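# Fold and contact review
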Amino acid sequence: MNILLCGNEKVFDGALTELISITNKTKEAVNVYIFTADITRIKPEYTCIKDEQIEFLNEVVKLKNENNKVQKIDVTDLYEKEFGNCKNEGAYCTPYTLLRLLADLVPDIPEKILYLDIDMMAGDDISKLYNTDISEYEYAAVKEKYGSWLLYPDYINAGMLLLNMNKIKQTKLLEKARYLIKNKKMLFADQDAIYHSTTKKLLLSRIYNEQSRFNKKDTVICHFCKRLLLKRYPRVRNIKQWHVEDVHKILRCHAFDEDLNEYLKFKKQYEDKILQLSKIN
């Protein structure tokens, strides 16, 4: 199964938790691509994910299946060519949300690939999602929880996209999306651009991108996106899965405890490894 993640060095915790949850629940091998870019001209912390982080992620997933693989793809040049100083660089999230829109320009990307936001966890075997037939569609996605009633009935959450790259290249979906990003300021930049550039999509059950409840037993992909919490008083919280204490105390989610306990163990190993290397150097 081919998986696409995007981000800078700060997505390491997200990638580690997410890949642990995925590889703990499937027997199929996963081939993970991580698009990254150096955009330090905007912010100093917008640096590429580190090689040592990729190496460690690779070691972890291979413990689950020796055929698993994580590889880094630096798309800095492509990003600057397509999106440098464009209207949506300062969008609601970071510029790294735009990297997935470059997938058709990157050589050797597989015909079928599952894009996932970095704040997602697998609650079940993702092959149930990956094996969906999308031969007649550009992609499969799940409706956006709020946007589907505030904006458009079929408005999608682009945090999970099962992509048919052949069809996307035929319809030029991503090319059209990039044009919108460069020429029109949009509230939800990448998501809006994908939605408005779509020719034909397959809408799936919310179990493949659960944006509300954390402990549902049938959830395949749980999305730790911003949530409106109503208990005590209404408020928006942006708690990610690697904020383990808040996941337990505030979200009252224990569905991923096994994965998160493993994450804490591996995170400690990584930190110890980096500390040892710094002493040597």
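Nothing here was measured: the structure is a model prediction, and the numbers come from that model.

## Comments concerning the pattern of salt bridges
Overall, the coordinates contain 21 salt bridges when judged by the stated rule. For Lys64, the salt bridge is made with Glu262, and the minimal N-O distance between the two is 2.1 Å. Linking Lys64 in helix α2 (residues 51-64) with Glu262 in helix α10 (residues 257-280), this pair joins segments that are 198 residues apart in sequence. Salt bridges here are not isolated pairs; linked through shared partners, they connect Glu82, Asp104, Arg178 and Lys182.

## Considering a nonpolar patch on the surface
Among the surface-exposed residues, Trp149, Leu150, Leu151 and Tyr152 lie close enough to one another that they form a single nonpolar patch of about 460 Å² accessible area. The topology assignment puts Trp149 in helix α5 (residues 147-150). Relative accessible area serves as the criterion here: at 60%, Trp149 is assigned to the exposed category.

## What to know about the sheet that holds strand β2 (residues 31-36)
As summarised here, the arrangement of the 7 strands in space is β3-β2-β1-β4-β7-β6-β8, forming an open sheet in which the pairing is mixed. On the outer flanks of this sheet lie β3 (69-74) and β8 (201-203), each paired with one strand and no other. For this sheet, the mean angle separating the axes of adjacent strands, direction not counted, is 25°. In the sheet, strand β1 (residues 2-6) pairs with strand β4 (residues 112-116) via 2 bridges, with the strands oriented parallel. If you follow Leu4 over to β4, its bridge partner there is Tyr115. The sheet contacts of helix α8 (residues 189-197) involve β6 (139-143), β7 (156-164) and β8, and relative to β7 the element is tilted by about 55°.

## Examining the pairing of β2
By the criterion of burial, β2 is predominantly enclosed, with 6 of the 6 residues buried. Of the two faces of β2, the one lined by Asn31, Tyr33 and Phe35 and the one lined by Val32, Ile34 and Thr36 are each fully buried. The sheet contact formed by β1 and β2 spans 5 bridges and is parallel. Counterpart to Asn2 in the pairing with β2 is Asn31. Running through helix α1 (residues 12-23), the crossover from β1 to the neighbouring parallel element β2 is right-handed.

## Thoughts on the nonpolar core
Leu5, Leu16, Leu116, Ile126, Met160 and Phe224 are the most contacted members of the largest nonpolar core, which totals 53 residues. The biggest single contributor to this core is α1, with 6 residues. Tyr115, Ile156, Ile168 and Leu173 belong to the second largest nonpolar core, which has 40 residues in total.

## Section: the packing of α1 against α10
Interhelical geometry of α1 versus α10 gives an angle of 130° and a closest axis separation of 9 Å. For the element pair α1 / α10, the angle class is oblique. Crossing hand, α1 versus α10: right-handed. Seen from α1, the contacting residues are Phe12, Asp13, Leu16, Thr17, Ile20 and Ser21; seen from α10, they are Asp259, Leu260, Glu262, Tyr263, Phe266, Lys267 and Tyr270. The residue makeup of the contact of α1 with α10, split by class, is 7 nonpolar, 2 polar and 4 charged.

## A word on the packing of aromatic side chains
For the structure on display, the rule yields 11 aromatic pairs. Judged by centre distance (4.5 Å) and plane angle (35°), the ring pair of Phe12 and Tyr270 falls under tilted. Of this pair, Phe12 sits in helix α1 while Tyr270 sits in helix α10, and the two are 258 residues apart along the sequence. Here the two residues Phe12 and Tyr270 agree in accessibility, since each one is buried. Aromatic ring contacts, followed pair by pair, group Phe12, Phe56, Phe266 and Tyr270 into a single cluster. Of note, Lys112 hangs over the ring of Tyr130, and the distance from its end group to the ring centre comes to 5.2 Å. Here the basic side chain of Lys200 rests over the ring of Tyr137, its NZ or CZ set 5.1 Å away from the ring centre.

Cut-off values and rules
Residues numbered from 1 in each chain as written. Predicted model: local features only at pLDDT ≥ 70, side-chain atom pairs only at ≥ 80, totals over all residues. Heavy atoms only, no water. Salt bridge = Lys/Arg side-chain N within 4 Å of Asp/Glu carboxyl O. Helix = DSSP H or I, 4+ residues; strand = E, 2+ residues; numbered from the N terminus. Patch = residues over 30% accessible without salt bridge, like charges linked within 9 Å, V, L, I, M, F, W, Y side chains within 5 Å. Areas by Shrake-Rupley, 256 points an atom, 1.4 Å probe, with all protein chains shown as cover. Buried < 20%, exposed > 50% of the residue type's maximum accessible area, 1.4 Å probe, protein only. Pairing = 2+ DSSP bridges. Axes fitted to C-alpha atoms, helices over the stretch in contact; angles between N-to-C directions. Contact = heavy atoms within 4.5 Å. Right-handed = clockwise from strand over helix to strand, strands pointing away. Core = buried A, V, L, I, M, F, W, Y, C linked by side-chain atoms within 4.5 Å. Parallel < 35°, antiparallel > 145°, perpendicular 65-115°, else oblique. Left-handed = near helix turned anticlockwise from the far one by under 90°. Nonpolar A, V, L, I, M, F, W, Y, C, P; charged D, E, K, R; others polar. Phe/Tyr/Trp six-rings, centres within 6.5 Å; stacked < 30°, edge-to-face > 60°. Lys NZ or Arg CZ within 6 Å of the ring centre and 35° of its normal.

This is a description of form; function is not addressed.
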